[in-house]
Protein chains: 2
Amino acid sequence: MADAGRHALHVVLLAGGSGTRFWPASRVRRPKQFLALGGRRPLIEDAWRRARRLAPAERLWVVAPRPLARSVRAALPELAAERLVIEPSPRDTGPAIALAVASVARVAPQAVIGVFPTDHVIVDVSAFTRSVRAAVAAARDGALVCLGVRPDRPATGFGYLLCAEPPIAGRAVPVSRFVEKPVLSRARRYLADGRYLWNAGMFVWTAQSFLAELQRTAPEIDTAVSRHLSGARGAWERAPKLSVDYAVMEHARGVAVVALDAGWDDVGSWDAAARLREAAGLAVGTHIAIDSPGSVIVGERRIVALVGVPDVVVVDTADALLVVSRAQAESVRAAVEELRKRGRDDLL
Amino acid sequence: MADAGRHALHVVLLAGGSGTRFWPASRVRRPKQFLALGGRRPLIEDAWRRARRLAPAERLWVVAPRPLARSVRAALPELAAERLVIEPSPRDTGPAIALAVASVARVAPQAVIGVFPTDHVIVDVSAFTRSVRAAVAAARDGALVCLGVRPDRPATGFGYLLCAEPPIAGRAVPVSRFVEKPVLSRARRYLADGRYLWNAGMFVWTAQSFLAELQRTAPEIDTAVSRHLSGARGAWERAPKLSVDYAVMEHARGVAVVALDAGWDDVGSWDAAARLREAAGLAVGTHIAIDSPGSVIVGERRIVALVGVPDVVVVDTADALLVVSRAQAESVRAAVEELRKRGRDDLL
């Protein structure tokens, strides 16, 4: 990774997000990646530390919407101002990633770029690093490489990547097809099949390969980004709101995948966060729980006592308190929606 | 009630208590009667208002342990300092009531005295007033009169009074027997029988009748109280710790009972408080509840959102938060006990 010359690896961290699933710990101005959901550090700090194992700070970039810029800088003091790429407004991952890649390409046209979310948990950082290295090797040969998480359950919440051949650790294989989020029966078949990996939104490619495919598959994004970088007012807002999968990857040539077995978790709800906190021994902590197995308390503001309430998550913040059944963790959004209806934007 | 002369009615309100069942809203220094469990006012204020319908403020007394004196005065600004009787240390209701009665007798030896707890809810104050008037009439004839609550369910948490004849509204009948807290099958028989009333700890008697029976049935208490009132150091601590039922009423002569049908509730736990708050329309209030029927939020410090947690009580205070299943409301004591074990007396 130390080859800072031709095809040196740059890392782009994606720091957007809306912050509804983890309300009230997360807010519009403090989405999920700023929370210590996996352990003791905010997820974005862990993402930075992983990136630092891949490249020096001078080759680390973050793309974030303007309202989060201050929080990003506070969380990542090593990040240089010129490598914080601001999305003028949220237009999904297609334009955001295109903007970041084009920004890198302006200073390092030969760069290999790894693109990673900042709101996931990865337990085995060494395994992650090995997979990225394999992806970098394939990217240098021109492929657009996904990291595909090897499934351990028939998840219905993720898209899948169908590999052309059974994926082997440390080696890129071609992707045959991007697959939509499946129903459970289909997800079970994918799990049994062995050739399906979760699409976790992690990519490695050269700037050149990506921008060539972007131009071909999503020319409106390519144009909007180029004009925006040239200072054209209003150019950004003409980029269609598309994910990078829809905009580029599903139509691109030379798409490959490297399997990732690194204890990846997207921490999709308070239930998932509760699972991680239990694993980290943070479930109840210094609080009190009587007849309340499986319950988790988030917040150290004051003592919380649970009596006879199993499998709940309690989230204690300065201005809002949430008590949610782990089985209904997805419905936190409904509470946030209710607040919005009541005009309580101060709490969002 | 306006006869301020011979046998004028004085009221003694009992304001002791430990404050564990309603933790964290109640504390050692703020037991249950200082909470607005039944509606919008602290229970002790409602008790004072009921008493004011029976007698003018100049004939209203409160007996309380020293650590609660300040809270009592703050809650009851009409209470004159000389009618706040301080228990030097808690020795159960026998000595406390004896001390209060003896204190009243010093200034009004001919008084009729009504003794009432301050931590109960009474919905129908007019019915209460009528029952007290009937009790006062019987007391003037020399009886020691209990107010007995007509049961509406086979409660196992109260003692019962067996009436010598079926109790009729507005008329005192002799008590045949004091009955211990029964098991459920027995409580069902009591309910069906019609002659059993709950012993709610409310009494009316003349000072003379009570003190005569006290001297006969519990001379150690009588002596301790007399000597304490004469200024003898350490006298109080020699009074045996006994309830007024054990010390006097179960052995006294001329004990009668007036039935009370006034929506009495002793508010024995957070579950009972939740029931009252639901009835008062205070269950969730300005908070948010999604898929959480039967749940109640106590505290207006900040917004509380409940998602998928039916039948819980959430009690939100500055330094402690409780989430308790209504079915396990009795176990709040275990949480308090755990705090005590951990040396967190600051939270008790």
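## Comments concerning the overall build of chain A
Part 1: The number of helices and strands found in chain A is ten helices and 16 strands.
Part 2: The C-alpha atoms of chain A give 21 Å as radius of gyration, which agrees with the globular expectation for 348 residues (20 Å, within 12%).
Part 3: Dimensions of chain A, computed from C-alpha atoms along their principal axes, come out at roughly 60 × 50 × 35 Å.
Part 4: For chain A, the residues scored as buried account for 58% of the 348 residues in total.

## A short note on the interface of chain A and chain B
Part 1: In this assembly, 36 residues from chain A lie in contact with 36 residues from chain B.
Part 2: Buried surface at the junction of chain A and chain B, both sides included, amounts to about 2,600 Å², of which 64% is carbon and sulfur.
Part 3: Inspection of the chain A/chain B interface yields two salt bridges.
Part 4: R302 of chain B is the partner of D316 of chain A in a salt bridge, and the nearest nitrogen-oxygen pair spans 2.8 Å.
Part 5: Inspection of the region where chain A meets chain B yields 20 residue pairs in polar contact (both at pLDDT 80 or more).
Part 6: For the side of chain A that touches chain B, the elements supplying multiple residues, two or more each, are β12 (288-290), β14 (303-307), β15 (312-316), β16 (320-325) and α10 (332-341) of chain A.
Part 7: For the side of chain A that touches chain B, the element with the most residues is β16 of chain A, which contributes six residues.
Part 8: Considered class by class, the residues forming the side of chain A that touches chain B number 22 nonpolar, seven polar and seven charged.
Part 9: Of the pairings in the sheet, the one linking β16 of chain A to strand β14 (residues 303-307) of chain B comprises five bridges and is parallel in character. Within the sheet, the bridge partner assigned to V324 of chain A lies in β14 of chain B and is V307 of chain B.

## Let's talk about the relation of the copies chain A and chain B
Part 1: Placing chain A over chain B gives an RMSD of 0.0 Å and needs a rotation angle of 180 degrees, together with 0.1 Å of translation along the axis. Seen this way, the second copy is the image of the first under a two-fold rotation axis.
Part 2: Of all interface residues in chain A, 100% are interface residues in chain B too; the two copies therefore contact each other through one and the same surface.

## Considering the environment of D346 of chain B
Residue and element names in this part refer to chain B.
Part 1: Tracing the backbone through its elements, the reader meets D346 in the segment after α10 (332-341).
Part 2: The spacing of D346 and W205 is 141 residues in sequence and 41 Å in space, taken between C-alpha atoms.
Part 3: Setting aside residues no more than four positions away along its own chain, D346 makes contact with R27 and D319.

## As for the pattern of salt bridges
Part 1: Enumeration according to the criterion identifies 38 salt bridges over all chains in this entry.
Part 2: Of the charged contacts, one joins E338 of chain A and R342 of chain A as a salt bridge, the two residues approaching to 3.0 Å between their closest N and O atoms.
Part 3: Taking relative accessible area as the criterion, E338 of chain A reaches 26% and is therefore assigned partly exposed.
Part 4: Taking the shortest distance from any N to any O, the salt bridge between E78 of chain B and R52 of chain B comes out at 3.2 Å.

## A closer look at the sheet that holds strand β12 (residues 288-290) of chain B
Part 1: As summarised here, the arrangement of the five strands in space is β13(A)-β15(A)-β16(A)-β14(B)-β12(B), forming an open sheet in which the pairing is mixed. Edge positions in the sheet fall to β13 (296-298) of chain A together with β12 of chain B, since each has one partner strand and no second. The average undirected angle you get between the axes of adjacent strands in this sheet is 10 degrees.
Part 2: Along the sheet, helix α9 (residues 270-279) of chain A makes contact with β13, β15 and β16 of chain A, crossing β13 of chain A at roughly 100 degrees.
Part 3: In the packing of α10 of chain A onto the sheet, the strands contacted are β16 of chain A together with β12 and β14 of chain B, and the crossing angle to β12 of chain B comes to about 140 degrees.

## Notes on the pairing of β14 of chain A
All names here are of chain A.
Part 1: Most of β14 is tucked away: five of the five residues are buried.
Part 2: The alternating pattern of β14 places I303, A305 and V307 on one face and V304 and L306 on the opposite face, and all of these are buried.
Part 3: The pairing of β12 with β14 spans three bridges and is classified as parallel. By the bridge assignment for β14, I290 is matched with V307.

## Examining the sheet that holds strand β16 (residues 320-325) of chain B
Part 1: Pairing in this open sheet of five strands is mixed, and the strands run β12(A)-β14(A)-β16(B)-β15(B)-β13(B) from one edge to the other. A strand with exactly one partner marks an edge of an open sheet, and here the two such strands are β12 of chain A together with β13 (296-298) of chain B. Mean inter-strand twist for the sheet, computed between neighbouring axes without regard to direction, equals 10 degrees.
Part 2: Relative to β16 of chain B, strand β15 (residues 312-316) of chain B runs antiparallel, the two being bridged by five bridges. Among the inter-strand pairings, V315 of chain B is bridged to a residue of β16 of chain B, identified as L322 of chain B.
Part 3: On the sheet, helix α9 (residues 270-279) of chain B packs against β13, β15 and β16 of chain B and is oriented at approximately 100 degrees with respect to β13 of chain B.

## Brief notes about helix α6 (residues 207-217) of chain A
Because each turn of an α-helix spans 3.6 residues, side chains separated by three or four positions in sequence point in the same direction.
Residues and elements named next belong to chain A.
Part 1: Taken together, the buried positions of α6 are occupied by A207, S209, F210, E213, L214 and T217. The arc that holds the buried residues of α6, viewed along the axis, is 165 degrees, so those residues lie on one side.
Part 2: Residues of α6 that are buried sit in contact with α3 (93-107), β4 (112-117), β6 (144-149), β9 (196-206), α7 (219-229) and α8 (244-249).

## Quick word on the environment of G16 of chain B
Residues and elements named next belong to chain B.
Part 1: You can see G16 is positioned in the loop between β1 (9-14) and α1 (43-52).
Part 2: Take G16: its relative accessible area is 27%, and that puts it in the partly exposed class.
Part 3: Sequence separation between G16 and V62 is 46 residues; the distance between their C-alpha atoms is 9.7 Å.
Part 4: Apart from the residues within four sequence positions on either side, G16 is in contact with P31, Q33, V63, P65 and L68.

## Topic: the packing of helix α3 (residues 93-107) of chain B against helix α7 (residues 219-229) of chain B
All names here are of chain B.
Part 1: With their axes 10 Å apart at the nearest point, α3 and α7 run at an angle of 50 degrees to one another. In terms of orientation, α3 and α7 fall into the oblique class. For the element pair α3 and α7, the recorded crossing hand is right-handed. Where α3 approaches α7, its residues G94, P95, A98, L99, A102, S103 and R106 are matched on the opposing element by I221, V225, H228 and L229.
Part 2: Of the residues contributing to the contact of α3 with α7, the split by class is seven nonpolar, three polar and one charged.

## Regarding α9 of chain B
All names here are of chain B.
Part 1: Along α9, the residues that are buried comprise W270, A272, A273, A274, L276 and R277.
Part 2: Where α9 is buried, its residues touch β5 (121-122), β11 (264-265), β13, β15, β16 and α10.
Part 3: Put simply, S269 is the residue that caps the front of α9, since its side-chain oxygen is 3.1 Å from the backbone nitrogen of D271.
Part 4: Looking one or two residues past α9, G281 carries a phi angle of roughly 75 degrees, positive in sign.

## Structural notes on the packing of aromatic side chains
Part 1: Enumeration over the complete set of coordinates arrives at 20 aromatic pairs over all chains.
Part 2: Between F158 of chain A and W198 of chain A, the aromatic rings sit 4.8 Å apart at their centres with planes inclined by 55 degrees, giving tilted as the arrangement. Within this pair, whereas F158 of chain A is found in the loop between β6 and β7 (160-163), its partner W198 of chain A is found in strand β9, the two being separated by 40 residues in sequence.
Part 3: Looking at F158 of chain A, the relative accessible area reads 11%, which means it is buried.
Part 4: For W198 of chain A, a relative accessible area of 2% translates into the label buried.
Part 5: With a centroid separation of 6.5 Å and an interplanar angle of 75 degrees, the aromatic rings of Y160 of chain B and Y196 of chain B are classed as edge-to-face. With Y160 of chain B in strand β7 (residues 160-163) and Y196 of chain B in strand β9 (residues 196-206), this residue pair connects regions lying 36 residues apart in the sequence.
Part 6: Residue class for Y196 of chain B comes out buried when judged on its relative accessible area of 10%.
Part 7: Taken together through their ring pairs, the aromatic side chains of F158, W198 and W264 of chain A make up a single cluster.
Part 8: Over the face of the ring belonging to F128 of chain B we find R50 of chain B, whose NZ or CZ atom lies 5.8 Å from the ring centre.

Conventions used here
- Residues numbered from 1 in each chain as written.
- Chains lettered and ligands numbered in written order.
- Predicted model: local features only at pLDDT ≥ 70, side-chain atom pairs only at ≥ 80, totals over all residues.
- Heavy atoms only, no water.
- Helix = DSSP H or I, 4+ residues; strand = E, 2+ residues; numbered from the N terminus.
- Rg over C-alpha atoms; globule rule 2.2 N^0.38 Å.
- Buried < 20%, exposed > 50% of the residue type's maximum accessible area, 1.4 Å probe, protein only.
- Contact = heavy atoms within 4.5 Å.
- Buried area = accessible area lost by both parts, 1.4 Å probe.
- Salt bridge = Lys/Arg side-chain N within 4 Å of Asp/Glu carboxyl O.
- Polar contact = N/O pair within 3.5 Å; in protein donor to acceptor, adjacent residues only side chain to side chain.
- Nonpolar A, V, L, I, M, F, W, Y, C, P; charged D, E, K, R; others polar.
- Pairing = 2+ DSSP bridges.
- Least-squares fit on C-alpha atoms with pLDDT ≥ 70 in both.
- Axes fitted to C-alpha atoms, helices over the stretch in contact; angles between N-to-C directions.
- Arc of directions from axis to C-beta.
- Parallel < 35°, antiparallel > 145°, perpendicular 65-115°, else oblique.
- Left-handed = near helix turned anticlockwise from the far one by under 90°.
- Phe/Tyr/Trp six-rings, centres within 6.5 Å; stacked < 30°, edge-to-face > 60°.
- Lys NZ or Arg CZ within 6 Å of the ring centre and 35° of its normal.

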